[in-house]
Amino acid sequence: MFFQSWSDFFYMNGYGFYVWLSYGISFIVILGLGLQNIYSRKALFKEIQREQLRLARQQSMQAKNNGETL
């Protein structure tokens, strides 16, 4: 498409509002999905670390208890 001026480009023969609105909504949704991915990943890593610490505590308690019974 060829536009005579920047205002023609933004106006887009009367459809500019809908075109730019759809671009804006798409950008916001993609940004939201990216942020959700980042926060979910951080939460997952925290949960994995918490589980590893719990397993380490269990193993140390089991080793301690096995050492007392022998």
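Report on the accompanying structure. (Residues numbered from 1 in each chain as written. Predicted model: local features only at pLDDT ≥ 70, side-chain atom pairs only at ≥ 80, totals over all residues. Heavy atoms only, no water.)

A word on the pattern of salt bridges
Opposite charge on two side chains makes pairing possible when the charged atoms of those side chains draw close.
Alright, step 1. By the definition in use, this model includes two salt bridges.
Alright, step 2. We note a salt bridge from Arg-50 to Glu-47, for which the minimum N-O separation is 2.7 Å. With Arg-50 and Glu-47 both in helix α2 (residues 16-69) and three residues apart, this pair spans about one turn of that helix.
Alright, step 3. One salt bridge connects Glu-51 with Arg-54, and the closest N-O pair in it is separated by 2.6 Å. Of this pair, Glu-51 and Arg-54 both sit in helix α2, separated by three residues, roughly a single helical turn.
Alright, step 4. According to the relative accessible area criterion, Arg-54 is partly exposed, its value standing at 34%. (Salt bridge = Lys/Arg side-chain N within 4 Å of Asp/Glu carboxyl O. Helix = DSSP H or I, 4+ residues; strand = E, 2+ residues; numbered from the N terminus. Buried < 20%, exposed > 50% of the residue type's maximum accessible area, 1.4 Å probe, protein only.)

Quick word on unusual backbone geometry
Alright, step 1. Although it is not a glycine, Met-12 sits at a positive phi angle of roughly 50 degrees.
Alright, step 2. Tracing the chain through its elements places Met-12 in the loop between α1 (6-11) and α2.
Alright, step 3. Residue Met-12 is classed as buried on the basis of its relative accessible area, which comes to 16%.
Alright, step 4. Residue Asn-13 is not a glycine yet carries a positive backbone phi of 55 degrees.
Alright, step 5. Here Asn-13 lies in the loop between α1 and α2.
Alright, step 6. Residue Asn-13 is classed as exposed on the basis of its relative accessible area, which comes to 61%.

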